[in-house]
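Chains, contacts and geometry: an overview
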Amino acid sequence: MKDVTTPPTSPCADPPCVDVVLPCLNEAEALPWVLARIPPGWRALVVDNGSTDGSADIARALGASVVHESRRGFGAACHAGLAAATADIVCFCDCDASLDPSLLVPFVRQVRDGEADLVLGRRRPKGRSAWPAHARAGNLALARLLRRRTGLRLHDLGPLRAARRESLLDLGLTDRRSGYPLQMVVRAADEGWRIAEHDVPYLPRTGASKVTGTWRGTWQAVRDMSRVLGEPAPHVTQGAAHDATRGGIPR
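Residues numbered from 1 in each chain as written. Predicted model: local features only at pLDDT ≥ 70, side-chain atom pairs only at ≥ 80, totals over all residues. Heavy atoms only, no water.

When its secondary structure is counted, the protein shows nine helices and eight strands. Sorting the 251 residues of the protein into buried and exposed places 51% on the buried side. The contacts of the protein with a sequence gap of at least 6 include a subset with a gap of at least 24, amounting to 77%. Summed over all atoms, the accessible surface of the protein reaches about 11300 Å², with 53% contributed by carbon and sulfur. (Helix = DSSP H or I, 4+ residues; strand = E, 2+ residues; numbered from the N terminus. Buried < 20%, exposed > 50% of the residue type's maximum accessible area, 1.4 Å probe, protein only. Contact = heavy atoms within 4.5 Å. Areas by Shrake-Rupley, 256 points an atom, 1.4 Å probe, with all protein chains shown as cover.)

Have a look at this one:
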């Protein structure tokens with residue numbers, strides 16, 4: 001069951017120019033830092049995924065719109081935010097202060113100018129604690145599997161990203177767990193989207209990780225994503241496949 005509550009005074013225009021989806025599970029400590037970095041004129045959509053630390057109230061008090069998603073799962077939270085978004089361009093960002101949402105400005109510009117259909121952030125860790133070795137290993141393995149499956153020369157499957165809302169909805173994303181970000185990339189590649197990747201600083205997160213803080217959580221995510229990679233690819237034209245492997249991807 002989902003519902004959306006918006007503060008009386010929204011920091012965004014009506015309608016907002018960009019919506020930023022922020023999946024949230026007990027991120028009370030990180031929220032002030034994250035929300036302070038939402039660019040002016042953009043709307044923060046904090047998707048509360050069952051927090052018990054008052055995250056939803058804090059987000060609302062700081063000017064964010066709050067979406068409640070009772071079904072647990074990173075993908076469930078992300079998709080609830082996408083469904084609640086109204087802006088033409090939708091961004092995604094973690095809500096744990098590991099990524100700065102202000103870095104999304106050039107991502108949005110590239111989508112808006114028609115230079116790319118999906119822009120992803122390649123995480124560059126700042127400090128040894130920012131990205132544990134097991135999480136990096138899992139991400140590297142998935143990037144290699146993704147290249148084998150789609151031909152995309154991506155280095156990361158990070159959560160910082162931007163694309164047009166209607167196009168994302170048309171992908172028909174079904175994963176509601178850790179495979180959601182990967183499924184988005186796989187289906188976008190199958191549709192011949194131009195996908196770009198840009199380096200972004202990756203900071204030590206605030207609080208405990210819900211997924212990659214342990215080997216068990218990391219490999220559960222890898223299993224979710226491996227299942228996504230096992231989905232059959234639809235028939236695409238030779239030209240579309242060519243675009244999917246080259247469009248916007250730095251060599």
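Here V47 lies in strand β3 (residues 42-48). When the C-alpha positions of V47 and H79 are compared, they lie 9.4 Å apart, and in sequence the two are 32 residues distant. The residues contacting V47, other than those within four sequence positions of it, are V21, L22, P23, C24, V67, E69, A77, A80 and G81.

Among soluble globular proteins, nonpolar side chains are generally buried collectively. Core analysis: the largest hydrophobic core is formed by 34 residues, its most contacted members being L118, L146, L168, L182 and I195. Contributing elements (two or more residues each) for this core: β3, α3 (74-84), β5 (89-92), β6 (118-125), α5 (133-150), α7 (180-190) and α8 (215-229). At seven residues, the largest contribution of residues to this core is made by α7. (Core = buried A, V, L, I, M, F, W, Y, C linked by side-chain atoms within 4.5 Å.)

Each regular strand shows side chains that alternate between the opposite faces of the sheet. Going residue by residue along β5, you find I89 and C91 tucked away on one face and V90 and F92 tucked away on the opposite face as well. Inspection of the sheet shows strand β2 (residues 18-24) paired to β5 by four bridges, in the parallel sense. Residue pairing in the sheet places D19 in a bridge with V90 of β5. Across four bridges, the pairing between β5 and strand β7 (residues 161-164) is antiparallel. Paired with F92 across the two strands is R161, which belongs to β7. (Pairing = 2+ DSSP bridges.)

Moving on to unusual backbone geometry. Of note, N26 is a non-glycine position whose phi angle comes to about 60°, a positive value. Residue classification places N26 among the partly exposed residues on the basis of a relative accessible area of 30%.

So, about the side chain of Q110. The topology assignment puts Q110 in helix α4 (residues 105-112). A relative accessible area of 13% places Q110 in the buried class. In terms of polar contacts, Q110 uses its side chain to reach the side chain of H198, at 2.7 Å. Beyond its immediate stretch of four places on either side in the chain, Q110 contacts E115, A116, V119, A196 and H198. (Polar contact = N/O pair within 3.5 Å; in protein donor to acceptor, adjacent residues only side chain to side chain.)

Right, let's talk about the pattern of salt bridges for a bit. Pairing is possible between side chains of opposite charge, provided their charged atoms come close. All told, the structure shown has 11 salt bridges when counted by the stated rule. For R43, the salt bridge is made with D19, and the minimal N-O distance between the two is 2.7 Å. A residue pair is termed long-range when its members are at least 10 positions apart, and R43 in strand β3 and D19 in strand β2 qualify at 24 residues. Under the relative-accessibility criterion, R43 is labelled buried at 12%. For D19, a relative accessible area of 0% translates into the label buried. With its nearest N and O atoms 3.3 Å apart, the salt bridge here joins R124 to D199. Of the two residues, R124 is situated in strand β6 and D199 in strand β8 (residues 195-202); the sequence distance between them amounts to 75 residues. (Salt bridge = Lys/Arg side-chain N within 4 Å of Asp/Glu carboxyl O.)

Taken as a whole and judged by the stated rule, the model has one cavity of 30 Å³ or more. Taken as a whole, the largest cavity holds about 60 Å³ of empty space. Every residue lining the largest cavity is listed: V21, P23, F74, C78, F92, C93, D94, P159, R161, Y180, P181 and M184. Breaking the lining of the largest cavity down by element, the ones donating at least two residues are β2, α3 and α7. Considering each element in turn, the lining of the largest cavity owes the most residues, three residues, to α7. For the lining of the largest cavity, the class distribution of residues is 10 nonpolar, no polar and two charged. (1 Å grid on protein atoms, 1.4 Å probe; cavity = no way out; pocket = protein on both sides within 12 Å on 5 of 7 lines; lining within 4 Å. Points joined across faces, edges and corners; volume = space filled by probe spheres on them. Nonpolar A, V, L, I, M, F, W, Y, C, P; charged D, E, K, R; others polar.)

So, about α3. Burial analysis of α3 places eight of its 11 residues in the buried class, which makes it a mostly covered element. All of the buried residues along α3 are G75, A76, A77, C78, H79, A80, G81 and L82.

What follows covers the state of the cysteines. Tallying each qualifying case throughout the model produces zero disulfides. Here C24 stays unpaired: no disulfide links it, and the sulfur of C95, its closest cysteine neighbor, is 4.4 Å away. No disulfide involves C91; its sulfur sits 8.9 Å from that of C93, the nearest cysteine. (Disulfide = S-S within 2.5 Å.)

These figures come from the coordinates and say nothing about function on their own.
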